[in-house]
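Overview (structure and organization)
Here is what each chain is made of, one letter per residue.
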Amino acid sequence: MIMFFHTSAATVSQGDGIELKEGSAGNVIRDNVIHDTGYPCILTYATVGNGGPNVIEGNALWGCGDHAIQSAADAIIRNNLILGSVANGIAMQPHQAGTPANLVVVHNTVLHATNDAIRVSGITGAVTIANNVVVGSGGAPGNQQAGIAIKQHAVDLSIVNNTVVGGGTAIHAVALGDPLFFMGRIANNLIADQTHYGLRLSGVAVANDHNLLHNVGTNELGPGGVLGAGTLNADPLIESPAYPRPVAGSPVIDAGDNGALPAFTLFDADGEKRQQGPVDIGAIEFSYDGTRIHDATAGNTFGNDSELDLDDYSFPLFTTDRLVVSPLRVAQGVSAGSANLGVYQSD
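Throughout what follows, the structure given in this document is the object of discussion. Small disclaimer: the values here were computed from a predicted structure and weren't measured.

Let us now look at a nonpolar patch on the surface. A surface patch of nonpolar side chains, about 310 Å² in accessible area, is lined by W62, L81, L83 and L111. For L83, the position within the fold is in the loop between β11 (81-82) and β12 (90-92). Assessed through its relative accessible area of 42%, L83 is described here as partly exposed.

Across all of its chains, the model carries 10 salt bridges by this definition. Notably, a salt bridge pairs E19 with K21, separated by 3.0 Å at the nearest N-O pair. Residue E220 pairs with R200 through a salt bridge whose shortest N-O separation is 3.6 Å. Here R200 lies in strand β22 (residues 190-202) and E220 lies in strand β24 (residues 212-220), a separation of 20 residues in the sequence. According to the relative accessible area criterion, E220 is partly exposed, its value standing at 27%. Because the salt bridges share partners, they merge into one network encompassing R30, E57 and R78.

Right, let's get into the nonpolar core. With 43 residues, the main nonpolar core has L61, I90, M92, I118, I150 and I171 as its most contacted residues. If you tally residues by element for this core, the top one is strand β20 (residues 163-174), at 4 residues. V135, I281, A283 and I284 belong to the second-largest nonpolar core, a separate cluster that totals 11 residues.

Scoring rules and cut-offs
- Residues numbered from 1 in each chain as written.
- Predicted model: local features only at pLDDT ≥ 70, side-chain atom pairs only at ≥ 80, totals over all residues.
- Heavy atoms only, no water.
- Patch = residues over 30% accessible without salt bridge, like charges linked within 9 Å, V, L, I, M, F, W, Y side chains within 5 Å.
- Areas by Shrake-Rupley, 256 points an atom, 1.4 Å probe, with all protein chains shown as cover.
- Salt bridge = Lys/Arg side-chain N within 4 Å of Asp/Glu carboxyl O.
- Helix = DSSP H or I, 4+ residues; strand = E, 2+ residues; numbered from the N terminus.
- Buried < 20%, exposed > 50% of the residue type's maximum accessible area, 1.4 Å probe, protein only.
- Core = buried A, V, L, I, M, F, W, Y, C linked by side-chain atoms within 4.5 Å.

The following block contains the structure:
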């Protein structure tokens, strides 16, 4: 396990931030800060059957001299924050004996003005890209760049419940050779404010459904391709492009297809419960978050217990929600004043 590592290679001419060589398996790269490297900030190869996938999670990366994260195969890439790199944000591509397969990319936030935010090429096995937030990627109309880019053949690909806003092209898929070799699904994605393309499926028709497309230049759907069932063309009503969380009344609420959501995505990109009935479109599930102050008085306190009145909550509480009490903010026996215990809905 590699944790709490802060590295910068600003004074050297080359070098990765963290590199796992081929055959490394079951490692965890977590909660590191890596920036200004000569090569990728994080680089992993294939496990070549030596064990479970490597986990890359909770890292903050910027100023990477190549890709921010590069992985050939056998990795779970989740909960990372990428603020910029010279090449792509997350790149999955053949390297030594490894080719993209057994890869899961979930809950990442990528702010990437150039090249591709998330890119995969030469796929030979299962690749899932879900619950990611991509802001400001896609390039000019004549190039091949996108927020999420799939190049060459895909045999088992899922692009579901991502939010891609404020760029040039949101999702670009291109198959080289026989287009029938491209198999996958693009579903439940929130795509908005793209100057060139929402969906750009070049020479290949990929199954797509339950996506929201708003304020996009156009869509290219491949030979015989059509926008699938459940496609919405409406303002998604998000808080802001920088924080694309749906607000009350958003058309994305309950508009996705539960069948497209991978079983392991129990939480959204914000750490909230992913599904409260029908899944929402996009990476962030709408929820009735709120805070309330409860005053413990002689009238509602018995021993160490103070009763809560659920009628005080203006938002619905579900049977699976948890009420969490914040730590005591004042000394025992001292009047709390405005520093009461905070009770809030966490899920």
